[in-house]
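Structural characterization, general
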Amino acid sequence: MINDMLQLPLFWATLTIGAFILGQQVYRLSGNSAFIPPILTGIALVVTVVEVTDTPFSTYMQGGDYLHQMLGPVVVMLAVPMYQFLHSMRKQIVRIVLAVSLGSGVTVAVAAGLAHWLIGDAAITTTMHTKSITTPVAVAVSEQVGGIPALASVFVMITGLLGALLIPPLLKVTRLDQPQALGLALGTCAHAVGTGRAMELGAQQSAYSAMAMTLTGTLHAVVLPLIL
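Computed from a prediction, not measured in an experiment: that's the story for all the values here. (Residues numbered from 1 in each chain as written. Predicted model: local features only at pLDDT ≥ 70, side-chain atom pairs only at ≥ 80, totals over all residues. Heavy atoms only, no water.)

1. What to know about the layout of surface pockets
The calculated volume of the second largest pocket comes to roughly 390 Å³. Surrounding the second largest pocket, 16 residues form its lining, Thr107, Lys131, Thr159, Gly163 and Cys189 being those nearest its centre. Contributions of two or more residues to the lining of the second largest pocket are made by helix H8 (93-118), helix H11 (149-173) and helix H12 (179-201). At nine residues, the largest contribution of residues to the lining of the second largest pocket is made by H11. Of the residues contributing to the lining of the second largest pocket, the split by class is 12 nonpolar, three polar and one charged. (1 Å grid on protein atoms, 1.4 Å probe; cavity = no way out; pocket = protein on both sides within 12 Å on 5 of 7 lines; lining within 4 Å. Points joined across faces, edges and corners; volume = space filled by probe spheres on them. Helix = DSSP H or I, 4+ residues; strand = E, 2+ residues; numbered from the N terminus. Nonpolar A, V, L, I, M, F, W, Y, C, P; charged D, E, K, R; others polar.)

Shown next as structure tokens:
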């Protein structure tokens, strides 16, 4: 019976959602510690179950694909917090575009350069270029430029977790933690995970992070296929 259940796509979709909900509870009990984000706990739980049951990735993705298809609409929903600060964003659009373009360009160039220098594998280096785009865009762009889509998801996740953890304290130390600057940094460097962190910090951080994430994803989706 258990073996039959492990073959059901609905089981893996339900497990993934349940793992994230449990991760949220752990996050709250930890006092919202940035070291234990819900997504990290959820991933650890799902990976543990997959490994213990010796389930192939293809079997898991039959259920995981349900959630994967929802990523696009969820990203579009981030337009809601952006709308609240749209008036002020219009006045700063040139600064925002410059900040996002330079910020995303530098972080991708450094990461790809280090990957090429330390690893030297062309496919991994190509995939690394998508590490600062939110997952659905990163997977699509990675497929277009000859990268590894599954690895792109991993790079995106690691980037988001590290960015959400490190960016707020770094900007605080350098006294650059104004709501707008913090939101732009989280959205540009840590995409959806960073935007989730920004939502906890305040409405303005959330709006600017959503704007930065959207612009970064659009910019990379257009530029990367042309240069790689």
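2. A few points about the side chain of Thr159
Position of Thr159 relative to the elements: it lies in helix H11. Excluding residues that lie within four positions of it along the chain, Thr159 makes contacts with Lys131, Ser132, Cys189, Ala190 and His191. (Contact = heavy atoms within 4.5 Å.)

3. Quick word on the packing of H8 against helix H13 (residues 203-227)
Each pair of packed helices can be described by the angle between their axes along with the distance between the axes. Relative orientation of the contacting elements H8 and H13 amounts to 60°, with a least axis distance of 10 Å. One way to sum up the angle between H8 and H13 is to call them oblique. Relative to H13, H8 is oriented so that their crossing is right-handed. In this structure, H8 uses Ile96, Val100, Ser101, Ser104 and Val108 to contact H13, whose residues at the interface are Tyr208, Met211, Ala212, Leu215, Thr216, Leu219 and His220. Classifying every residue of the contact of H8 with H13 gives eight nonpolar, four polar and no charged. (Axes fitted to C-alpha atoms, helices over the stretch in contact; angles between N-to-C directions. Parallel < 35°, antiparallel > 145°, perpendicular 65-115°, else oblique. Left-handed = near helix turned anticlockwise from the far one by under 90°.)

4. Some details on the packing of aromatic side chains
The final tally for this structure, using the stated rule, is two aromatic pairs. Ring geometry for Phe11 versus Trp12: centroids 5.0 Å apart, planes at 80°, classification edge-to-face. A residue is classified by how much of its surface remains accessible, and Trp12, at 0% relative accessible area, is buried. When the ring of Trp12 is compared with that of Tyr60, the centres are 5.8 Å apart and the planes differ by 75°; the resulting orientation is edge-to-face. Linking Trp12 in helix H2 (residues 9-29) with Tyr60 in helix H4 (residues 57-68), this pair joins segments that are 48 residues apart in sequence. In terms of burial, Trp12 and Tyr60 fall into one category: buried. Every member of this aromatic cluster is reached through a ring pair, and the members are Phe11, Trp12 and Tyr60. (Phe/Tyr/Trp six-rings, centres within 6.5 Å; stacked < 30°, edge-to-face > 60°. Buried < 20%, exposed > 50% of the residue type's maximum accessible area, 1.4 Å probe, protein only.)

5. Some thoughts on the pattern of salt bridges
In this structure the tally under the stated criterion is one salt bridge. Across the salt bridge formed by Glu200 and Arg197, the nearest N and O atoms sit 2.9 Å from each other. Taken as a pair, Glu200 and Arg197 lie in helix H12 at a separation of three residues, close to a single helical turn. Residue classification places Glu200 among the partly exposed residues on the basis of a relative accessible area of 43%. (Salt bridge = Lys/Arg side-chain N within 4 Å of Asp/Glu carboxyl O.)

6. Details of the nonpolar core
Formed by Leu78, Met82, Met89, Ile96, Val100, Leu184, Ala207, Tyr208, Ala210, Met211, Ala212 and Met213, the largest nonpolar core amounts to 12 residues. Within the residue set of this core, elements represented by two or more residues are H8 and H13. The greatest single-element share of this core, amounting to six residues, is contributed by H13. The next biggest cluster of nonpolar side chains, apart from the first, holds seven residues, and it includes Ile167, Leu171, Leu182 and Leu186. (Core = buried A, V, L, I, M, F, W, Y, C linked by side-chain atoms within 4.5 Å.)

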